[in-house]
Amino acid sequence: MKDIIYVGVNDYDIELFEGQYPVDHGMSYNSYLINDEKIAVMDSVDKGFSDKWLQNVEKALAGKKPDYLVISHMEPDHSGSIVEFTKKYPNATLVSTDKAFKFLVQFYGDVKNNKVVVKEGETLSLGKHTLKFIMAPMVHWPEVMFTYDEYEKVLFSADGFGKFGTLDYDDPEGWACEARRYYFGIVGKYGNQVQAVLKKLQGVEVKAICPLHGPVLDDNLSYYLGLYDTWSKYEAESKGVFIPVASVYGNTMDAAEKLKEMLEKKGIKAVVCDLNRDSMTEAFEDAFRYDRIVFASVTYNGTIFPSMNTFIEGLVERGYQNKKVGIIENGTWAPMAGKVILEKLSKLKNIEILEPTVKLTSRLDEVSLKQLEDLANNLE
Ligand code: FEO
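Quick notes on the rules
Position numbers for residues count from 1 along each chain, tracking the sequence in the order it is written. Predicted model: local features are reported for residues with pLDDT of at least 70 only, side-chain atom pairs are reported and counted for 80 or more only, and whole-chain, interface and lining totals are derived from all residues. Side-chain measures were taken over the full set of non-hydrogen atoms in the model, leaving aside hydrogen atoms and water. Note on pairing: two strands pair once DSSP finds at least 2 bridges between them. Numbering of helices and strands runs from the N terminus, with a helix taken as a DSSP run of H or I at least four residues long and a strand as a DSSP run of E at least two residues long. Note on method: axes are straight lines fitted to C-alpha atoms, helices fitted across the in-contact stretch only, with angles between N-to-C directions ranging 0 to 180 degrees. Throughout, a contact is declared for two residues whenever any of their heavy atoms are within 4.5 Å. The term disulfide is used for any two cysteine sulfur atoms that are within 2.5 Å. Each patch groups residues whose relative accessible area exceeds 30% and which form no salt bridge, using 9 Å between like charges and 5 Å between nonpolar side chains of Val, Leu, Ile, Met, Phe, Trp and Tyr. In this description, accessible areas are obtained by the Shrake-Rupley approach with a 1.4 Å probe, and a residue is regarded as covered only by the protein chains that are shown. Throughout this description, the term salt bridge denotes a Lys or Arg side-chain nitrogen within 4 Å of a carboxyl oxygen of Asp or Glu. The buried label applies to any residue whose accessible area, calculated with a 1.4 Å probe on protein chains only, is under 20% of its type's maximum; exposed applies above 50%, and partly exposed to all values in between. The criterion is simple. A nonpolar core is a set of buried Ala, Val, Leu, Ile, Met, Phe, Trp, Tyr and Cys residues joined through side-chain atoms within 4.5 Å. Consider the strands pointing away from the viewer: the crossover is right-handed when the path from the first strand over the helix to the second runs clockwise.

Re the sheet that holds strand 6 (residues 32-35)
Right, so step 1: On the basis of which strands lie adjacent, the open sheet formed by six strands has the order 1-6-7-8-9-10 and mixed pairing. Where the open sheet ends on each side, the last strands, each with one partner, are strand 1 (4-6) and strand 10 (115-117). Each neighbouring strand pair of the sheet contributes to a mean axis angle of 25 degrees, computed without reference to strand direction.
Right, so step 2: Bridge count for strand 1 against strand 6 is three bridges, and the pairing is antiparallel. Residue pairing for strand 6: I5 is matched across the bridge by L33.
Right, so step 3: Across the sheet, helix 4 (residues 98-108) lies against strand 9 (93-96) and strand 10, angled at about 120 degrees from strand 9, the strand it touches most.

A closer look at the state of the cysteines
Right, so step 1: Counted according to the given criterion, the structure contains zero disulfides.
Right, so step 2: Of all cysteine sulfurs, the one in C273 lies closest to C177, which takes part in no disulfide; the gap is 13 Å.

Side note on a nonpolar patch on the surface
Right, so step 1: Together, V248, Y249 and Y300 make up an exposed nonpolar region whose accessible area comes to about 370 Å².
Right, so step 2: Tracing the backbone through its elements, the reader meets V248 in the loop between strand 16 (238-246) and helix 8 (251-265).

Points about the pattern of salt bridges
Should their charged atoms come close, side chains of opposite charge can pair.
Right, so step 1: Per the stated rule, a full pass over the model turns up 24 salt bridges.
Right, so step 2: The partner of D98 in a salt bridge is K102, with the nearest N and O atoms 3.2 Å apart. Placement of the pair is D98 and K102 together in helix 4, with a separation of four residues, close to one helical turn.
Right, so step 3: With relative accessibility at 43%, the residue D98 sits in the partly exposed group.
Right, so step 4: Classification of K102 as partly exposed rests on a relative accessible area of 48%.
Right, so step 5: Bridged by salt links that share partners, the residues E178, R181 and E282 form one connected network.

Digging into the nonpolar core
Right, so step 1: Grouped together as the largest cluster of nonpolar side chains are 92 residues, with contacts concentrated most on F17, W53, F146, W175, F242, F295 and F311.
Right, so step 2: Top element by residues in this core is helix 5 (residues 174-187). It accounts for eight residues.
Right, so step 3: Setting aside residues no more than four positions away along its own chain, F17 makes contact with V23, M27, Y29, D77, F164, Y182, I186 and H213.
Right, so step 4: The next biggest cluster of nonpolar side chains, apart from the first, holds 21 residues, and it includes M262, L354, L372 and L375.

So, the pairing of strand 21 (residues 349-353)
Right, so step 1: Sheet topology note: the strand 20 (residues 321-330)/strand 21 ladder contains four bridges and is parallel. By the bridge assignment for strand 21, V325 is matched with I353.
Right, so step 2: On the question of chirality, the crossover connecting strand 20 to the parallel strand 21 by way of helix 11 (residues 337-345) is right-handed.

Below you can see the structure in the form of structure tokens.
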């Protein structure tokens, strides 16, 4: 990218993104400056980083003044420094959607700078660079827009193609792992809306994608676009069985581990997750990633254990669908977990329930072991 300068920041101190996603390797809030006859800054950053961001902008400006601030998304991790920007650059024009300007007032009150409202397909010329605006409503807020730089063929994709982690964190698991957790955690409910914007991009030559979090993507773009297509169609990315477990004394977990062993003997990948101790956000990611899932829960207060309840509610919220599903329930005197899980899953599309439901009446015994074997066979 010749005229596009990165002016974003890394947040090394954040522990929970959006108050619920653990980010052991921090987060980046990206912002870019397009240097042309007219200068556009693309989005601001979280308010905790206003000073650092404005320093980055000033350095990139090299003595000039910005003409525009393009606002893709009003969530405060990106809009939090807009007011500081307008104080420093009162002559810069803000460019965004009608809805974004409404949200701007809701969050920050009246902002005096000139404002230009843009709509689908409208353009803004900076000189050589022409910016074309592509509306991306509900990816994952209603005011969101993407911007396509027709000159350098760069797509500014708001939260789309975002990833957890600071930019200097060299993730040994590559881009997809934390981008997938980000997608299914934050954007996943809005697969249809992601599909809609991907369709608008069909036939558009994209040489680089500049998201608001995570690295600029400038090679092998079909890989990233392909993953977003798979994820947003709710198609499984990988073959395997994900086994989320809510166990109290370890007996339900023993059954889950036994199932994993049986599946692995058949050459099937199986991943067990302890919903009481492992990250719930990783669990959402794996639930969407694999094509099969087995819910294993103890009965508690006549229903399912709280962690399993939270997990399934999270799947329902995100439009979970297109899976083969097995169930392991445990209950010493009145097992109810299987019935409750089935009721909750009945709200979802294209869920195939596999027989049998494995019934533990405290721990694995001869009868439940046979049921587990039958379930493992049906998961093949
Ligand atoms: Fe990165 Fe939706 O804010």
